[in-house]
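# Structure assessment
Each chain is listed here by its residues.
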Amino acid sequence: MVPNEERMQRFTDLLPLERMYGAWSNEAIVGGAGSFAFDLTVPGGGVPTAGVTVVGVAPTHRRRGVLRSLMRAQLDDAHERGEPLAALWASEESIYGRFGYGLASFCGEITLAREHTAFAHPFEPQGTLRLIEPEEAQAAISPVFDRIRSEWPGMFSRTPVWWENREIADPEDRRDGAGPKRWVAYEQDGSVEGYAVYRHKPGFEAGTTNAELRVLEALGTSPEALRDLWAYLLAVDWIATVKSYLLPPDHPLFLLLATPRRMRYRMGDGIWVRLVDVGAALSGRSYAGEGSIVFDVADEFCPWNEGRWKLEGGSAERSKDTPELSLPVQSLGSALLGGVSFAALRRAGRVVELNAGAIERADALFRWDRHPWCPEIF
Ligand SMILES: CC(C)(COP(=O)(O)OP(=O)(O)OC[C@H]1O[C@@H](n2cnc3c(N)ncnc32)[C@H](O)[C@@H]1OP(=O)(O)O)[C@@H](O)C(=O)NCCC(=O)NCCS
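Residues numbered from 1 in each chain as written. Predicted model: local features only at pLDDT ≥ 70, side-chain atom pairs only at ≥ 80, totals over all residues. Heavy atoms only, no water.

### Details of the nonpolar core
One finds Leu282, Phe295, Phe342 and Phe378 to be the most contacted residues of the largest nonpolar core, which totals 46 residues. In terms of residue count, helix α10 (residues 358-366) provides more of this core than any other element does, 5 residues in total. Phe378 has contacts with Phe36, Phe38, Gly51, Val52, Thr53, Ala87, Leu88, Trp89, Phe156, Trp162, Arg166 and Ile271, leaving out every residue within four places of it along the chain. Ala185, Val197, Ala218 and Ala225 belong to the second-largest nonpolar core, a separate cluster that totals 41 residues. (Core = buried A, V, L, I, M, F, W, Y, C linked by side-chain atoms within 4.5 Å. Buried < 20%, exposed > 50% of the residue type's maximum accessible area, 1.4 Å probe, protein only. Helix = DSSP H or I, 4+ residues; strand = E, 2+ residues; numbered from the N terminus. Contact = heavy atoms within 4.5 Å.)

And the structure:
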């Protein structure tokens, strides 16, 4: 797509020049990469993160190391700035592992026919719903988003400009054939406790509707709020299909619906995480239990991370103790948010247990109460 003025502005507002990299050949630009600055929620906290985006190399200059040099500069700078993590959505799963990114979460899309939207158990909705105008949405919704995202590993902070630019602004070229964003707030006792944003793609065929409701984001501060919001979304009239993307594999809909198979959930990779600084990244999250573990980390691309790290009392330090788990930095990226267990990594040959029981102890420390969820591609 040719970038028009409005599209360019959308990026320049959020991507400061010093976070953009370009590759030149004979004074022509042949590649680029950038990173947003945000806090990524990790179990029990948030960590400053380089949110890698707009990566591309001109087809005339591919496979001669341009991406590699962009990744080099980007990770070196993130390290220097003191950002312990980098994270990204990959256009192809095969690209970023070599630069130390590990698959940290899974997510999936659903396509649910309207006639299969019954809930498994009857319930009385608790709150009330109110359609709100986009102008009102930012003030009404951003505080509730902040409450939810600060507890949900995998979510990231949104600045006011991000809200304006990426959530509220709704240019035609981002609608993919559907109508404008609709915002609905869920209120209990006068307080906004959840919201949904969705689009309607109208259509008729053979005299009956084949319209789609596309749920872009639906979040609630409580199980009741989330359930009631989905009950609303699934019951909108004149819809043939409800679609949503990026839902985590432990989304409550699997247990709420009478026939969850009918969602036709298709799962793929979610965000990829790279520990830029192993010590600071491991120290940035909380752990589910006491105890310690000594890792021997291999990291060819960022050799400052190589070697032994001891995690104890919630912080990770350099150590000379005997290592208990030997693993590449990608595996720590997979485990950090609690989305991939060390037992699963071992079954995939991505961690070696050097001390019997170390996998189990590491899992007892790293496990969290939910799968990481990043509800937005950045
Ligand atoms: C993906 C892309 C950025 C790669 O750029 P590039 O300059 O050709 O990559 P490099 O030459 O630096 O390659 C670095 C390594 O990645 C590998 N690689 C590059 N692109 C790859 C791909 N699409 N799939 C698998 N491996 C890939 C190379 O083989 C090389 O491997 P090596 O380290 O074993 O030698 C480029 O092909 C592109 O712009 N693709 C379309 C846009 C896109 O997918 N962007 C990513 C957005 S998330």
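### Some details on the environment of Ile141
Among the structural elements, Ile141 can be located in helix α3 (residues 134-149). According to the relative accessible area criterion, Ile141 is buried, its value standing at 0%.

### Topic: a positive patch on the surface
Together, Arg62, Arg63, Arg68 and Arg98 line one region of the surface with positive charge. Its location among the elements puts Arg62 in the loop between β3 (45-57) and α2 (66-81). (Patch = residues over 30% accessible without salt bridge, like charges linked within 9 Å, V, L, I, M, F, W, Y side chains within 5 Å. Areas by Shrake-Rupley, 256 points an atom, 1.4 Å probe, with all protein chains shown as cover. Salt bridge = Lys/Arg side-chain N within 4 Å of Asp/Glu carboxyl O. Lys, Arg positive; Asp, Glu negative; His and termini not counted. Charge placed at Lys NZ, Arg CZ, Asp CG, Glu CD.)

### Remarks on the site of the ligand
Lining the immediate surroundings of the ligand are 17 residues, of which Val57, Arg63, Gly65, Arg68 and Ser91 lie closest. Contacts to the ligand include Val66, whose backbone N or O atom sits 3.5 Å from an oxygen atom. For the ligand, whose accessible area on its own is 900 Å², the fraction buried by protein is 70%. Of all the secondary structure elements, the ones that give two or more residues to the shell around the ligand are β3 and α2. For the shell around the ligand, the per-class residue count stands at 7 nonpolar, 4 polar and 6 charged. (Near = heavy atom within 4 Å. Polar contact = N/O pair within 3.5 Å; in protein donor to acceptor, adjacent residues only side chain to side chain. Nonpolar A, V, L, I, M, F, W, Y, C, P; charged D, E, K, R; others polar.)

### So, the side chain of Asp299
You can see Asp299 is positioned in the loop between β16 (292-298) and β17 (307-312). According to the relative accessible area criterion, Asp299 is buried, its value standing at 2%. Of the polar contacts made by the side chain of Asp299, one reaches the side chain of Arg274; its length is 2.8 Å. When neighbours within four sequence positions are excluded, Asp299 is seen to be in contact with Arg274, Leu275, Asn305, Glu306 and Val329.

### Here we look at the environment of Lys310
With respect to the element layout, Lys310 can be found in strand β17. Through-space distance from the C-alpha of Lys310 to that of Ala335 is 16 Å; in sequence the pair is 25 residues apart. What Lys310 contacts, discounting residues up to four positions off in sequence, is Ser292, Ile293, Val294, Ser315, Ala316, Glu317, Ser319 and Asp321. Only 2.8 Å separates the side chain of Lys310 from the side chain of Asp321, close enough to count as a polar contact.

### Regarding unusual backbone geometry
For Val54, which is not glycine, the phi dihedral falls at a positive 40°. Tracing the chain through its elements places Val54 in strand β3. What makes Val54 partly exposed here is its relative accessible area of 34%. You will see that Arg264, though not glycine, has its phi angle at about 50°, which is positive. Tracing the backbone through its elements, the reader meets Arg264 in the loop between α6 (253-256) and β14 (266-269). Classification of Arg264 by relative accessible area gives exposed; the value is 61%.

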